[in-house]
Amino acid sequence: MKFRLHFVVDPMGWFCVSAVFSVWLYNTVFIPMLVLFPHYREGHIPWALVVCYFLASLFCVTALLRSSTADPGRLPQDPHIPHSEREHWELCNKCNLMRPKRSHHCSRCGHCVRRMDHHCPWINNCVGEDNHWLFLQLCFYTQVLSLFTLALDFCQYYYFQPLANLRQEEFTGHHELALLRVSSFMGLVMFGGMGSLFYTQLTGILSDTTTIEKMAYFKNEVVPSRRPWQQTLAEVFGTRWKLLWFLPFRSRRPLGGAFHPHVHV
Ligand SMILES: [Zn+2]
Ligand SMILES: [Zn+2]
């Protein structure tokens, strides 16, 4: 398995990634300290719930780190273009390199990206052919973690039995209500934002239209692709095994057909 790391030098992007990472860190530190560990110690919740929370958190941060450091589909300096595919290639007038059609030149990253969807400042990276699957996983697991956090915030406030050994003198005990309110606010914002993004991404993939193409042609209506949705998603995730679509700890290999000069992330 070979991973190629890809970093975009953009202070604004670093700021945005740090903001998303801080939201994840806040909920991964304070929700267990405030809700999970105290209620587990007093026997109000099973250990499986604590493990599930940390698993959701691990999947979410892995998808974030990998989507922001993965090569989105950069073209090589001197690609070998098979003769039969020459008509599907064109010259980029910005970097003066040959690229397959449907590639796009990203001015933030300074190079062309195969089947570029958009440049996302929140991961400080382009979303292209090679990391689109990781971006979808990020949207999905952020929704899962936000929903989990919101449910625990709600239960802590309205449902769980009061703690017998509440440590009022500790920081979390002293500021419990404020910490829960901040967590709920972030959960609502992340769930709403990522939910709409996930829906837009899925409809784009299933209609075989990138965000850039939608904006260029004002194609807001969803035209379903003639291919089955399983095949379309299998190509995005690089495997037909549906269980693997949910795993961010693996490398992606294209299913064949298109031109792929590198080992993929
Ligand atoms: Zn270019
Ligand atoms: Zn970019």
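Rules used throughout
- Along each chain, the written sequence defines residue order, and numbers are assigned to residues from 1.
- Whichever chain is written first is A, and whichever ligand is written first is 1; the rest continue in order.
- In view of the model being predicted, local features appear only for residues whose pLDDT reaches at least 70, and side-chain atom pairs are presented and counted only at 80 or more, with totals across whole chains, interfaces and linings using the full set of residues.
- In this text, helices come from DSSP runs of H or I with a minimum length of four residues, and strands from runs of E with a minimum of two, each type numbered from the N-terminal end.
- Burial is judged by counting other C-beta atoms within 10 Å of a residue's own C-beta: 20 or more means buried, 12 or fewer means exposed, and anything between counts as partly exposed, with every C-beta placed from the backbone.
- We call two residues in contact if the C-beta atoms placed from their backbones are at most 7 Å apart.
- UniProt positions are given in the numbering used here, feature names are shortened, and annotations may be inferred rather than shown by experiment.
- Here, expected helix span is obtained from the residue count minus one, scaled by 1.5 Å.
- Fitting axes to the seven residues that end at a residue and to the seven that start at it, the angle between those axes gives the bend at that residue.
- As a rule, the C-alpha atoms of each element are fitted with a line to give its axis, helices using only the stretch in contact, and angles between N-to-C directions run from 0 to 180 degrees.
- Throughout, the term roughly parallel applies to angles under 35 degrees, roughly antiparallel to angles over 145, roughly perpendicular to angles from 65 to 115, and oblique to all others.
- Handedness of each helix crossing follows the sense of rotation of the near helix against the far helix: counterclockwise by less than a right angle gives left-handed, clockwise gives right-handed.
- Asp, Glu, Lys and Arg are counted as charged, while Ala, Val, Leu, Ile, Met, Phe, Trp, Tyr, Cys and Pro are counted as nonpolar; the rest, among them Gly, fall into the polar class.

Moving on to the overall build of the protein. Secondary structure assignment for the protein yields seven helices and six strands. Starting at the N terminus and ending at the C terminus, the protein contains elements arranged as α-α-β-β-β-β-β-β-α-α-α-α-α. Taking all 265 residues of the protein together, 31% fall into the buried category. Of the contacts formed within the protein by residues at least 6 apart in sequence, a portion of 63% connects residues at least 24 apart.

The next thing to look at is unusual backbone geometry. Phi is positive for Arg115, which is not a glycine, with a value near 45°. Take Arg115: it is sitting in the loop between strand 4 (111–113) and strand 5 (118–120). Residue classification places Arg115 among the buried residues on the basis of 21 C-beta atoms within 10 Å. In this structure, Asn124 takes a positive phi of about 50° despite not being glycine. Relative to the assigned elements, Asn124 resides in the loop between strand 5 and strand 6 (125–127). Residue Asn124 is classed as buried on the basis of its C-beta count, with 25 C-beta atoms lying within 10 Å.

So, about the UniProt feature "transmembrane region" (unreviewed entry) in the protein. Per the UniProt record, the feature "transmembrane region" (unreviewed entry) sits at residues 12–38, 44–65, 138–159 and 179–199. From the first C-alpha to the last, residues 44–65 spans 34 Å; its make-up is 86% helix and 0% strand. The span residues 138–159 is 95% helical and 0% strand by assignment, and the distance between its end C-alpha atoms comes to 30 Å.

Okay, the environment of Ala56 next. With respect to the helices and strands, the residue Ala56 is situated in helix 2 (residues 47–69). Ala56 sits in the partly exposed class, given 19 other C-beta atoms within 10 Å. Through-space distance from the C-alpha of Ala56 to that of Val144 is 7.0 Å; in sequence the pair is 88 residues apart. Among residues more than four places away in sequence, those in contact with Ala56 are Tyr141, Val144, Leu145 and Phe148.

Helix length check: helix 1 (residues 11–41), at 31 residues, gives a terminal C-alpha distance of 43 Å against a target of 45 Å (1.5 Å per residue), a fit within 8%. At Pro32, helix 1 shows its largest bend, some 50°. Looking at helix 1, one finds that the buried residues are Gly13, Val17, Val20, Asn27, Ile31, Leu34, Val35 and Pro38. Turning to helix 1, the residues buried within the fold contact helix 2, helix 3 (132–158), helix 4 (171–174) and helix 5 (176–206). Directly beyond the C-terminal end of helix 1, a positive phi value near 80° is found at Gly43.

What follows concerns the packing of helix 1 against helix 5. At a minimum axis separation of 11 Å, helix 1 and helix 5 run at an interaxial angle of 135°. By the angle between their directions, the pair helix 1 and helix 5 is classed as oblique. Relative to helix 5, the crossing made by helix 1 is left-handed. On helix 5, the residues that touch Val23, Tyr26, Asn27, Phe30, Ile31 and Leu34 of helix 1 are Glu176, Leu179, Leu180, Ser183, Met186 and Met190. Looking at the contact of helix 1 with helix 5, its residues break down into nine nonpolar, two polar and one charged.

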